[in-house]
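Spelled out, the chains give:
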Amino acid sequence: MDKEIFSQVDKYISDLLAPEDDALTDTIKSLEKEGLPQQSVSANQGKFLQVLMIACNAKKVLELGTLGGYSTIWLARALPDNGKIITIEVDKHHGEVAQKNIDKARLSQKVDLRIGKALDLLPEIIAENGEPFDLIFIDADKPPYTEYFNYAVQLSRPGTLIVCDNVIRAGKVLDENSTDEKVQGVKRLNKMLSENKTVTATILHSTGVKEYDGMAIAVVNRIDPLHLKQ
Ligand code: SAH
Ligand code: DHB
Ligand code: MG
């Protein structure tokens, strides 16, 4: 099995189940044009996030790491009319590009884009004392993933889904001696998830048009996790 088959099957699935419209393809083009990195989720991953949104009846969503707004558009489109997504981005230029893409997708009413460091803005969101989030997508810088996750739990209720992108990093998580701070950051999160009693979590790894990687999916426990022990 070579990489080519994974890309072809990814395209087969996205052609069938995750076709992109102009708003999405223009968003990807805007990254290239504006010099932003091609680090958006794939179309199939965008659709996967929508499936999760609908499964948990998500009305209120938080995203860390907006980039050009590609994942934001997938998430916002799965919200009901009165639904809202707060998305946090540290880079002003990324934020400007994202806002244009969100406006063009006619989603401005549903999207609250906040510019700043996630570690500065998360305590502000906690202080706002609003309703808990239904789904939280963590996709910003990797070293503080564990801190982001702990904030996410504070902003959750039993049943909230917390999804973390890029936790396998082309399999580099297997390297015990990796000095890559992104790899170290996601390994620290994955280890924490294995010990965390508040959530039930697993990791789905995936191949496709993007580099081999994985998403951690955690649900905040509704019941005593001891019941789930084998
Ligand atoms: N979710 C996007 C991709 C995000 S890429 C998508 O799938 O379409 C990661 C983004 O996180 C980048 O735009 C980067 O600028 C942003 N980022 C990096 N460090 C951050 C921080 N400390 N706080 C908030 N955003 C950050
Ligand atoms: C990187 C970040 C991402 O969010 C992603 O999906 C792929 C790569 C990175 O920082 O390397
Ligand atoms: Mg990512």
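For the structure itself, consult the block above.
Residues numbered from 1 in each chain as written. Chains lettered and ligands numbered in written order. Predicted model: local features only at pLDDT ≥ 70, side-chain atom pairs only at ≥ 80, totals over all residues. Heavy atoms only, no water.

### Overview of the overall build of the protein chain
- Each helix and strand in the protein chain was counted, giving eight helices and seven strands.
- Computed over C-alpha atoms, the radius of gyration of the protein chain comes to 17 Å, within 12% of the 17 Å expected from 2.2 N^0.38 for 230 residues, which places it in the range of a compact globule.
- Across its three principal axes, the protein chain shows a C-alpha extent of roughly 50 × 45 × 35 Å.
- The buried share among the 230 residues of the protein chain stands at 49%.
- As displayed, the protein chain offers around 12,300 Å² of accessible surface, 53% of which is attributable to carbon and sulfur atoms.
- Side-chain charges in the protein chain split into 28 positive and 34 negative, and the spacing between the mean points of these groups amounts to 3 Å. (Helix = DSSP H or I, 4+ residues; strand = E, 2+ residues; numbered from the N terminus. Rg over C-alpha atoms; globule rule 2.2 N^0.38 Å. Buried < 20%, exposed > 50% of the residue type's maximum accessible area, 1.4 Å probe, protein only. Areas by Shrake-Rupley, 256 points an atom, 1.4 Å probe, with all protein chains shown as cover. Lys, Arg positive; Asp, Glu negative; His and termini not counted. Charge placed at Lys NZ, Arg CZ, Asp CG, Glu CD.)

### So, the site of ligand 2
- Lining the immediate environment of ligand 2, one finds Gln39, Asp139, Lys142, Asp165, Asn166, Arg169 and Lys182.
- One nitrogen or oxygen atom from the side chain of lysine 142 is found 3.1 Å from an oxygen atom belonging to ligand 2.
- Contact between ligand 2 and aspartate 165: an oxygen atom at 3.3 Å from a side-chain N or O atom of the residue.
- Bound to the protein, ligand 2 loses 78% of the 290 Å² it would expose on its own.
- Of the pockets mapped on this structure, ligand 2 occupies the largest pocket.
- In the shell around ligand 2, the residues fall into no nonpolar, two polar and five charged. (Near = heavy atom within 4 Å. Polar contact = N/O pair within 3.5 Å; in protein donor to acceptor, adjacent residues only side chain to side chain. 1 Å grid on protein atoms, 1.4 Å probe; cavity = no way out; pocket = protein on both sides within 12 Å on 5 of 7 lines; lining within 4 Å. Sits in = over half its atoms within 2 Å of the grid points. Nonpolar A, V, L, I, M, F, W, Y, C, P; charged D, E, K, R; others polar.)

### Brief notes about the state of the cysteines
- With the rule as written, the count across this model stands at zero disulfides.
- Among the cysteines around cysteine 56, which has no disulfide bond, cysteine 164 carries the closest sulfur, lying 14 Å off.
- Judged by relative accessible area, cysteine 56 falls into the buried class, the value being 15%.
- When its relative accessible area of 1% is taken as the criterion, cysteine 164 is described as buried. (Disulfide = S-S within 2.5 Å.)

### Remarks on the sheet that holds strand 5 (residues 161-164)
- The mixed open sheet is built from seven strands, whose spatial order is 3-2-1-4-5-7-6. Taken across any chain shown, the strands that pair with only one partner, and hence form the sheet edges, are strand 3 (111-115) and strand 6 (199-206). Strand-to-strand twist across the sheet, computed as the mean angle between neighbouring axes with direction ignored, equals 15°.
- As paired strands, strand 6 and strand 7 (residues 213-220) are joined by eight bridges and run antiparallel to one another. If you follow leucine 204 over to strand 7, its bridge partner there is methionine 215. (Pairing = 2+ DSSP bridges. Axes fitted to C-alpha atoms, helices over the stretch in contact; angles between N-to-C directions.)

### Here we look at the nonpolar core
- Met53, Val61, Leu75, Leu135 and Phe137 are the most contacted members of the largest nonpolar core, which totals 31 residues.
- Counting only elements with at least two residues in this core, the list comes to helix 2 (22-34), helix 3 (43-55), helix 4 (70-77), helix 5 (92-104), strand 3, strand 4 (135-138), strand 5 and strand 7.
- Of all the elements, helix 4 adds the most residues to this core, at five residues.
- The residues contacting leucine 75, other than those within four sequence positions of it, are Leu49, Met53, Val61, Glu63, Ile85, Leu135 and Phe137. (Core = buried A, V, L, I, M, F, W, Y, C linked by side-chain atoms within 4.5 Å. Contact = heavy atoms within 4.5 Å.)

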